[in-house]
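# Architecture and fold: a report
Listed below are the residues making up each chain.
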Amino acid sequence: MTRLCYISRRYPDRLSAGNKAKSDYEDILASMGAVNLGLSRSYGRGKIATFFINLAGVVRMSLTVRAEDVLLLQYPVKKYFSLICRIARLRGAITVAFIHDLGAFRRKKLTPESEIRRLQHADRIIAATDAMRRWLIGHNIDRPVDVLGLHDFLSDAQPCAPTCSQNVRLIYAGSLNLRKNSFLLQCDKFTAGISLTLFGNMSVDEQKLLPANAKITYRGFIPADEFIATASAEGDFGLVWDGDRIDTCSGDFGEYLALNAPHKASLYIRAGLPLIVWAGAAIAPVVAEKGIGITVDTLEYLPERLAALSGDERASMKAAVRRLSAEMADGRAMKSAIARAIAE
């Protein structure tokens, strides 16, 4: 009998995007009847405790995994990924690696060749985007590769009713670290007729570097559920952009948008916000196909682009966002990707 399985882990916290995403996918798997072969999920920042708890989960998995099990692993697994795959194969189980991040890119901790060698231990792959799938195939991955598309995002919160505003209101949320998004230092160059609200943690020193502009508001960090419930009252679009330039997404973080699906895009959609996305981003084709926002090569002409949108176009985007938000809240993307992976 085939069982869908996973290994829960100890995470540093509940709130950061990466931990939120992995916790969500554990919950989606559980809702599908998947069996947790590890210990119960827990949270804590103690490195020694985390090491031993996660190791204990791997030991438990090695004793409970069965022949014909399908074991989904959320990659990167910080330790033991290759070992888990080997144990599962020896026991006759199939491993599916769902890729959140590639170490060869954002953190540069692996070469592309070593990343591929590591992923080859899995039997099947689910890539975050089609661009990531093409990268894997281009680097000679020898495993079937499926695609998620956009992250699911679980929350009981519901978007509030949107409010009207004379100016277009733009929201940018996430980690407000100028090492990642120093393009914000030039935000006065693309906010003519636009208000910009920033949500996220940002140091006092970095806040002082932002342009002095009455249309730019820093709100600080709020939990995801609160953001989902309130953002539509404060914004009309969510911006997906990283790097140090406004004419393209550049640098390690900006260029990684060309490969990965940022969790903030799903947060915006769950909050009822259509997207503004760099045209070179991996999710840009999905945004265009689903009609959930606009793609732009540069932010320089964003005010003109937004001003050209008709009321009907904006209403259509919002309706498409509402439909997709309901699918994300149900874990539809992961459920579909797993069903395809199991069927192969």
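Let me sum up the structure you'll find in this document. (Residues numbered from 1 in each chain as written. Predicted model: local features only at pLDDT ≥ 70, side-chain atom pairs only at ≥ 80, totals over all residues. Heavy atoms only, no water.)

## A short note on the sheet that holds strand E1 (residues 4–6)
Cut-off, in case you're wondering: Two strands are said to pair when DSSP picks up at least two bridges between them. Labels follow the DSSP assignment, with helices taken as runs of H or I lasting at least four residues and strands as runs of E lasting at least two, numbered in each case from the N terminus. In what follows, a contact means two residues having at least one pair of non-hydrogen atoms within 4.5 Å. Under this scheme, a helix contributes an axis fitted over its contacting stretch, all axes are lines through C-alpha atoms, and angles between N-to-C directions fall in the 0 to 180 degree range.
Reading across from one edge, E3-E1-E5-E6-E7-E8 is the order of the six strands in this open sheet, with parallel pairing throughout. Each of the sheet's edge strands pairs with one partner strand only, and the pair in question is strand E3 (35–36) and strand E8 (145–147). Judged from the three bridges that link them, E1 and strand E5 (residues 70–75) form a sheet pairing that is parallel. Bridge assignment links Tyr 6 to a residue of E5, and that residue is Leu 72. In the packing of helix H1 (residues 17–31) onto the sheet, contacts are made with E1, E5 and strand E6 (94–99), and the angle to E5 comes to roughly 165 degrees. With respect to the sheet, helix H4 (residues 112–119) is in contact with E5, E6 and strand E7 (124–127), its orientation differing from that of E5 by roughly 155 degrees.

## Brief notes about empty space enclosed by the protein
Unfilled space is identified by rolling a water-sized probe across the atoms. Operational definition: With a 1 Å grid laid over protein atoms only, a set of points is called a cavity when a 1.4 Å probe fits there but cannot get out and a pocket when it is open yet has protein on both sides within 12 Å along at least five of seven lines; lining residues have an atom within 4 Å of a point. Grid points are joined across faces, edges and corners, and a volume is the space filled by probe spheres set on the points. In this count, Pro and Cys sit with the nonpolar residues alongside Ala, Val, Leu, Ile, Met, Phe, Trp and Tyr, while Asp, Glu, Lys and Arg are called charged and the others, Gly among them, polar.
The full count for this structure, using the stated rule, is two cavities of 30 Å³ or more. Counted as a void, the largest cavity has a volume near 130 Å³. Looking at the lining of the largest cavity, the elements that each hand over two or more residues are H1 and E5. The volume enclosed by the second largest cavity comes to roughly 30 Å³. Lining the second largest cavity are Ser 8, Arg 9, Arg 10, Leu 39, Ser 40, Ile 53, Asn 54 and Gly 57. At three residues, helix H2 (residues 47–64) tops the list of elements feeding residues into the lining of the second largest cavity. Residue classes in the lining of the second largest cavity are distributed as two nonpolar, four polar and two charged.

## As for the layout of surface pockets
Taken as a whole, the second largest pocket holds about 340 Å³ of empty space. In this structure, the second largest pocket is lined by 20 residues; those nearest its centre are Leu 148, Gly 149, Leu 150, Val 286 and Lys 290. For the lining of the second largest pocket, the element with the highest residue contribution is helix H11 (residues 284–290), accounting for four residues. Of the residues belonging to the lining of the second largest pocket, the class tally is 10 nonpolar, three polar and seven charged.

## Points about the packing of aromatic side chains
The condition is simple: Planes of paired rings set the category: under 30 degrees apart is stacked, over 60 is edge-to-face and the rest tilted, where pairs are Phe, Tyr or Trp rings (Trp by its six-membered ring) whose centres lie within 6.5 Å. For the exposure calls, accessible area comes from a 1.4 Å probe over protein chains only, and a residue counts as buried if that area is under 20% of its type's maximum, exposed if over 50%, partly exposed in between.
Under the defined criterion, the tally for this structure stands at 10 aromatic pairs. A centroid spacing of 5.1 Å and a plane angle of 85 degrees characterise the contact between Phe 51 and Phe 52, whose relative ring orientation is edge-to-face. Here Phe 51 falls in the partly exposed class, since its relative accessible area comes to 32%. With a centroid separation of 5.1 Å and an interplanar angle of 75 degrees, the aromatic rings of Tyr 75 and Phe 81 are classed as edge-to-face. Of the two residues, Tyr 75 and Phe 81, both sit in the buried class. Each residue in the set Phe 105, Trp 135 and Tyr 256 is aromatic and connected to the rest through ring pairs, giving one cluster.

## Here's the deal with the pairing of E5
Counting buried residues along E5, six of its six residues qualify, which places the element largely inside the surrounding structure. Both faces of E5 are covered, namely the face carrying Val 70, Leu 72 and Gln 74 and the face carrying Leu 71, Leu 73 and Tyr 75. Where E5 meets E6, six bridges bridge the pair, whose relative direction is parallel. Of the residues in E6, the one forming a bridge with Leu 71 is Thr 95.

## Description of the nonpolar core
In globular proteins that are soluble, nonpolar side chains generally tend to be buried together. Here is the rule we go by: Take the buried Ala, Val, Leu, Ile, Met, Phe, Trp, Tyr and Cys residues and link them wherever side-chain atoms come within 4.5 Å; each set so joined is a nonpolar core.
Core analysis: the biggest nonpolar cluster contains 93 residues, and Leu 136, Phe 227 and Leu 302 have the highest contact counts within it. Sequence-distant contacts of Leu 302, that is, excluding residues within four places in its chain, are made with Leu 170, Phe 190, Ile 194, Ile 276, Ile 294 and Val 296. Grouped together as the second largest cluster of nonpolar side chains are 19 residues, Val 96, Leu 154, Ile 338 and Ala 341 included.

## A closer look at helix H14 (residues 332–343)
Each full turn of the α-helix corresponds to 3.6 residues, which orients residues three or four apart in the same direction. For clarity, the cut-off: Here a helix's expected span is defined as the number of its residues, less one, multiplied by 1.5 Å. As used here, the arc belongs to the directions running from the helix axis to the C-beta atoms.
Relative to the 16 Å expected for 12 residues at 1.5 Å per residue, H14 spans 17 Å between its end C-alpha atoms, a close match to the ideal helical length. Turning to H14, its buried residues are Ala 333, Met 334, Ala 337, Ile 338 and Ala 341. Within H14, the buried residues cover an arc of 125 degrees as seen down the axis, which keeps them to one side.

## A look at the sheet that holds strand E11 (residues 216–220)
Here we have six strands laid out as an open sheet, ordered E11-E10-E9-E12-E13-E14, and parallel in their pairing. The open sheet has two free edges, formed respectively by E11 and strand E14 (293–296), since each of these has just one partner strand. Sheet twist, expressed as the mean angle between neighbouring strand axes with direction ignored, is 25 degrees. Summarising the sheet, strand E12 (residues 237–240) and strand E13 (residues 275–278) pair through three bridges and their orientation is parallel. Residue pairing in the sheet places Gly 238 in a bridge with Leu 275 of E13. Here helix H8 (residues 224–234) sits on the sheet in contact with strand E9 (168–173), strand E10 (194–199) and E11, set at roughly 150 degrees to E9. Its contacts with the sheet put helix H10 (residues 263–270) on E9, E12 and E13, and the angle it makes with E12 is roughly 180 degrees.

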